[in-house]
Every structure is written in structure tokens, then in C-alpha cells.
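Single-letter residue listing:
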Amino acid sequence: MQMNARLDYRTSTSAPSIDQLQEVVDVSNLMSYSTGNKDLNQQFSHNFNLFMAKNNQKTSRGIFFMAGFNFANDYITRSITLDENHETTVEGYVSENGQLTRKTIVVPINTSLSRPINMDGYFTGRLNVTLTTPITLLKSTGNLSLGMNYSKSPSMYNGLKVETTNKMFTFGTTLASNISENVDFTISYNGGYNQQHSTTPNSKDSEVYNHSLGADITCLWFTRLVFSNHISHQYSSGRGRDYDDNYLLWNASIGFKFFKDRRGELRLRVNDLLDNTKSISKSVSSMSVSTTTTDVLRQYAMLTFTYKFKTIGDIPANPFGGMGGGRGGRNGGGRPMLMGPPPGR
């Protein structure tokens, strides 16, 4: 087996934006005022990455390990001030009659004031291990992947340092076929557990479970007719009773190949046949736990015609309609490129 390893270190800077530097008080949100900070420094980041691979090209067996972490000096974060008993004041600029005027602005009771500041203590880390091996009985390739991600973000709340941490554990497995020239399939499972915690007083922790079980299958009939399906079950819990996911997603397409060497193809694709697509996310900050829903492109149909003027070298055209020659695809066995879920999913 061949062994490869790579270690790299990179640095980068991130300058504060104009909005973060200008001391203009934004009072458009009656529950949360914000202003800038002219004394902000640029953020300086350090990135370390390690990649190791041990694989045997003859047997298609391998193990891959990736690790990385990042920390930042003068991390640009927020300082939140919230007084539940008294009004407070802040010096800054406000727009009056189309001009900016510097004055003292009163911050009402129970209204927060947010200001960008520099702090040390930001950190992210990630680990991932992937095993791949052929499954001779099924003429397929199997993958198993384990991963972990961790992040810690500092901020200030009423003069006290608080930290928001995010822990994520992931598991994935894939069975990718190479069983026939006329049938191609991939079965995959991905699961994850995400825990978010903030040291802000009276804050609530968040725990979210995600699960995705999917299958892709493409069949070639009579050397001309191509039928593809992508079916997946999506499930999540922990976002709240009205926001948890539990639905089936089905994309399908049918195509017919024309002309010599099947270089032309007319294909009808239908996305989200069951009209179930959703986009929901949950996050924890020093001030709140928020659940966000996003409008995404849902059910639609698309008719396309494709003609390949030339193949690369002597490699024959892909009978499944993918790019280039051969079966293409990922994980050794691979599959042709299928229509995935819409943006935002």
C-alpha cells in the first residue's frame, strides 16, 4: 500500500468592514440598536491542515485521515449591552434630514446595544477518517466515514466574556455500484448530531439530530433510453415541534439518445416530485436561539437537449449521459450526475 502525507500552514487577515468601523447608530430595530467601532483592528488567522492517505490502487482499498484547526488573534466579534431596569446612552452619528449628526442617543429599557470589538479565543477544529474497500460479491465499492467538528467563538455580554461552542459528530456510509454497463446505483446514509451551547446567562442549549438515507439508480434500456431516480428520506429533530423535518424527496429524469454513437440526448427532468422540499436551520448566539426557514426552489420540470461534438481521445461516450467517458462518478463505482435537491437544501 502507498502512503502519502501532507502538512500545511497558512495565515490570512480580515479587515473590518466600513459598517463595522463607522460609529453610526442603527435604530431601525426597536429591540436591538447597533453601532460601529473606529478602533477595530484587522483579524489575523492561523490555519493548520494535515492530510494522510494509505491506499492500494490494485485492490481499491484505502484509509484517509484529515485534520485541521484554525485560531484567530483580534477576532472580530460583538459586545452586547442590555439593561432591563434603566435607560442607557451611546455617542454616535444618526441621519437627520439627509445628513449625519453626532449626538447622544438614548437606548430604551430592554433594548440591546451591539458594538463590534476585537477578542482573542476564537478556535475551530475538525477531524475526518474515511475507509474504502471493494465488495466483490456486489461488484461495488463501500465507504465508511467518521467526522467531528468543534468551534468556540468569544463575545461580550454586559461586560462579561461569554463563549458559544458548537460540537458536531457525523457518520456516513456509501455503497456505489459497478455491477453492470446498463445499471448503476448508489445507496448512502449520513447522520449527524449537533450540540450548541452558550455561557450567556439564562441561555438555552440546542441539540439537533440529522439523518439522510438516499438511493440513486440509473438504468439504460435498449442502448438508447436512460431512466434515473434519486430518492432520499430526510429527518431531523431538535429544532422545535413546528420545524423538525420528516419527509421524502424524489427527483427523476428520463432521456433518449439520438444519432450515431448516441451523442445527442433529449432529457426530461422533474425535481421534487412529491413537493416536500424544506430549508430550516437552527443557531445559538450570545443573545438568542434562532430557527430560520428559507424559501427555496421547489417542484419544477426541465426539458434539455444535449449534443456532444467530440469525445476525449478514444474513450467512448458515457452511456448514462455523464461527462467524459466511462462510468465517471465517485467512490470508485460512481454514478452519473443526477439532479440533486434545489439550492438551500
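In the block above lies the structure referred to throughout.
Procedures and definitions
- Residues numbered from 1 in each chain as written.
- Predicted model: local features only at pLDDT ≥ 70, side-chain atom pairs only at ≥ 80, totals over all residues.
- Heavy atoms only, no water.
- Helix = DSSP H or I, 4+ residues; strand = E, 2+ residues; numbered from the N terminus.
- Buried < 20%, exposed > 50% of the residue type's maximum accessible area, 1.4 Å probe, protein only.
- Contact = heavy atoms within 4.5 Å.
- Areas by Shrake-Rupley, 256 points an atom, 1.4 Å probe, with all protein chains shown as cover.
- Phe/Tyr/Trp six-rings, centres within 6.5 Å; stacked < 30°, edge-to-face > 60°.
- Pairing = 2+ DSSP bridges.
- Patch = residues over 30% accessible without salt bridge, like charges linked within 9 Å, V, L, I, M, F, W, Y side chains within 5 Å.
- Salt bridge = Lys/Arg side-chain N within 4 Å of Asp/Glu carboxyl O.

A word on the overall build of the chain
Across its full length, the chain holds one helix and 19 strands. Split into buried and exposed, the 345 residues of the chain put 34% on the buried side. Partitioning the intrachain contacts of the chain with sequence separation of at least 6 by distance along the chain shows that 61% fall at a separation of at least 24. Summed over all atoms, the accessible surface of the chain reaches about 20200 Å², with 56% contributed by carbon and sulfur.

As for the packing of aromatic side chains
Scanning the model with the defined rule gives 13 aromatic pairs in all. Both rings, one in Phe48 and one in Phe69, keep their centres 4.8 Å apart while their planes meet at 20°; by these two values the pair is stacked. Taken together, the residues span a long stretch of sequence, with Phe48 in strand β3 (residues 43-56) and Phe69 in strand β4 (residues 61-73) at a distance of 21 residues. For Phe48, a relative accessible area of 27% puts it in the partly exposed group. Between the aromatic rings of Phe171 and Tyr189, the centroid separation amounts to 6.2 Å while the plane-to-plane angle is 50°, which identifies the pairing as tilted. Within this pair, whereas Phe171 is found in strand β11 (residues 160-177), its partner Tyr189 is found in strand β12 (residues 183-198), the two being separated by 18 residues in sequence. Overall, Phe171 belongs to the partly exposed group, its relative accessible area being 33%. An aromatic cluster is built from Tyr9, Phe48, Phe69, Phe123 and Tyr150, whose rings are joined through pairwise contacts.

Observations regarding the pairing of strand β15 (residues 246-258)
Residues in a regular strand point their side chains to alternate faces of the sheet. When strand β14 (residues 225-237) meets β15, the two strands line up antiparallel, connected through eleven bridges. The partner of Ile231 across the bridge, within β15, is Trp250. With seven bridges connecting them, β15 and strand β16 (residues 264-271) associate as antiparallel partners. Looking across to β16, one finds that Phe256 is bridged to Leu266. The loop that links β15 with its antiparallel partner β16 comprises five residues; one of these, Phe259, has a positive phi angle of about 65°.

Regarding a nonpolar patch on the surface
A surface patch of nonpolar side chains, amounting to about 1000 Å² of accessible area, comprises Ile254, Phe256, Phe258, Phe259, Leu266, Leu268, Leu303, Phe305, Tyr307 and Phe309. Mapped by element, the contributors of at least two residues to the nonpolar patch are β15, β16 and β19 (300-307). Turning to its location among the elements, Phe258 is positioned in strand β15.

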